[in-house]
Amino acid sequence: THAVVMRQVYNKTRSFLEASARRVGATITHVDDGDLARLAGALRPETRFVFAETFTNPLTRAQDVPALVELVARVPGARLVLDTTIAAPWGLRARPLDTGVHVVVASMTKSVGGQDTALGGYIATNDAELGNQIMDLIAMRGGILDDERARRVTANLPAAEKNHARRCDTAAKVAAFLAGHPRVERVFHPSRPDHPDAATIARDYVRTGSLLAFRVKDIDEAGHGALADRLVSTGVPRYALSFDGLVTKVNHHKTVSEYFTPPDAVSRLGIDRLIRLGIGLEDADDLIACLDWTLQPPG
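Residues numbered from 1 in each chain as written. Predicted model: local features only at pLDDT ≥ 70, side-chain atom pairs only at ≥ 80, totals over all residues. Heavy atoms only, no water.

The secondary structure content of the protein chain amounts to eleven helices and eleven strands. In terms of C-alpha radius of gyration, the protein chain reaches 19 Å, essentially the compact-globule figure of 19 Å for 299 residues. Referenced to the eigenvectors of the C-alpha coordinate spread, the extents of the protein chain come out at roughly 60 × 45 × 35 Å. In the protein chain, which comprises 299 residues, the share counted as buried stands at 51%. Contacts in the protein chain between residues at least 24 apart in sequence constitute 71% of all its contacts with a sequence separation of at least 6. Put simply, the protein chain shows about 14,300 Å² of open surface, and 55% of that area lies on carbon and sulfur atoms. (Helix = DSSP H or I, 4+ residues; strand = E, 2+ residues; numbered from the N terminus. Rg over C-alpha atoms; globule rule 2.2 N^0.38 Å. Buried < 20%, exposed > 50% of the residue type's maximum accessible area, 1.4 Å probe, protein only. Contact = heavy atoms within 4.5 Å. Areas by Shrake-Rupley, 256 points an atom, 1.4 Å probe, with all protein chains shown as cover.)

What follows is about helix 11 (residues 284-294). When we look at burial in helix 11, the residues that qualify are A284, L287, I288, C290, L291 and T294. Buried residues along helix 11 cover an arc of 160° about the axis, so they all sit on one side. Looking at the buried residues of helix 11, the elements they touch are helix 6 (147-179), strand 8 (211-216), helix 8 (221-232) and strand 11 (275-278). (Arc of directions from axis to C-beta.)

Attention now goes to the environment of D147. Along the polypeptide, D147 turns up in helix 6. You can call D147 partly exposed: its relative accessible area is 49%. When the C-alpha positions of D147 and R22 are compared, they lie 34 Å apart, and in sequence the two are 125 residues distant.

The alternating pattern of strand 10 (residues 249-252) places K249 and N251 on one face and V250 and H252 on the opposite face, and all of these are buried. Strand direction decides the pairing type here: strand 9 (residues 238-239) and strand 10, joined by two bridges, are parallel. Within the sheet, the bridge partner assigned to R238 lies in strand 10 and is K249. In this structure, strand 10 lies alongside strand 11, joined through four bridges in antiparallel fashion. Bridging across to strand 11, V250 finds its partner in L277. (Pairing = 2+ DSSP bridges.)

The six strands lie next to each other as 2-1-3-4-5-6, forming an open sheet whose pairing is mixed. Since the sheet does not close on itself, it has two edges, and those belong to strand 2 (27-31) and strand 6 (121-125), each with one partner. Averaged over all pairs of adjacent strands, the angle between their axes in this sheet comes to 20°, without regard to strand direction. Those strands touched by helix 5 (residues 128-141) are strand 4 (79-83), strand 5 (103-107) and strand 6, and its axis lies near 155° from that of strand 6. (Axes fitted to C-alpha atoms, helices over the stretch in contact; angles between N-to-C directions.)

This is the structure:
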């Protein structure tokens with residue numbers, strides 16, 4: 001069989017899907033996020049699912065969910081699987097499962113837990129038969145959330161939505177500051193008016209997420225790593241892999257997320273020379289002050 005995977009999905013998700021396809025003799029076609037014409041051309045009678053993320057990491061592309069639903073519906077038996085980890089349960093104007101998305105997957109480690117204390121994920125579907133098959137598969141493979149982590153997630157649920165809204169608002173303020181800074185070449189955040197999916201975001205999304213990335217002018221990859229070190233030295237943001245937690249987290253994207261990716265591939269994907277921020281619950285003014293100090297010209 002065959003699957004279509006949008007190119008900016010989480011790299012470990014992509015690796016897992018590719019390895020699974022090799023194991024069962026299936027094929028995968030990668031399509032650039034937002035290229036609906038290419039997606040339409042990639043669909044085949046044997047296509048069984050399309051996998052997409054919204055927003056993407058680190059370029060924060062936003063999926064046009066109604067368009068994806070319409071295209072996938074052209075192939076009998078195909079399903080649309082949407083990872084909403086970054087958009088969060090509150091990011092889209094309409095709930096994906098109510099608009100034709102077959103399966104939603106997401107991390108509970110991020111906005112749903114929101115306290116950096118639990119590792120987990122969830123799968124949601126309105127298809128009871130498919131849901132039962134997934135539950136059986138998980139039970140056989142042992143990937144079941146233990147009671148302690150489940151309690152940590154549920155204990156944080158009452159504050160999760162409010163905290164996510166705060167992080168999204170702070171991220172938009174930080175992105176606006178960076179966009180106006182003379183040393184910053186480009187800012188990637190769904191709140192920005194120059195975002196490539198701005199029309200879709202205005203129509204279908206009610207929150208723009210807490211994850212953003214930026215690129216500094218005239219500095220190479222090593223220079224971006226040094227800037228990330230300088231930012232962390234302020235004592236407010238911290239180095240960490242996750243996001244949507246209590247504190248703001250900093251990543252030099254090439255060093256952390258794409259360490260094993262060849263430099264030419266990183267450049268070809270447009271994810272070179274990036275510092276990623278996962279905004280926490282700090283005041284926006286404090287984060288902006290840290291960034292302003294970090295971006296002061298050398299000397």
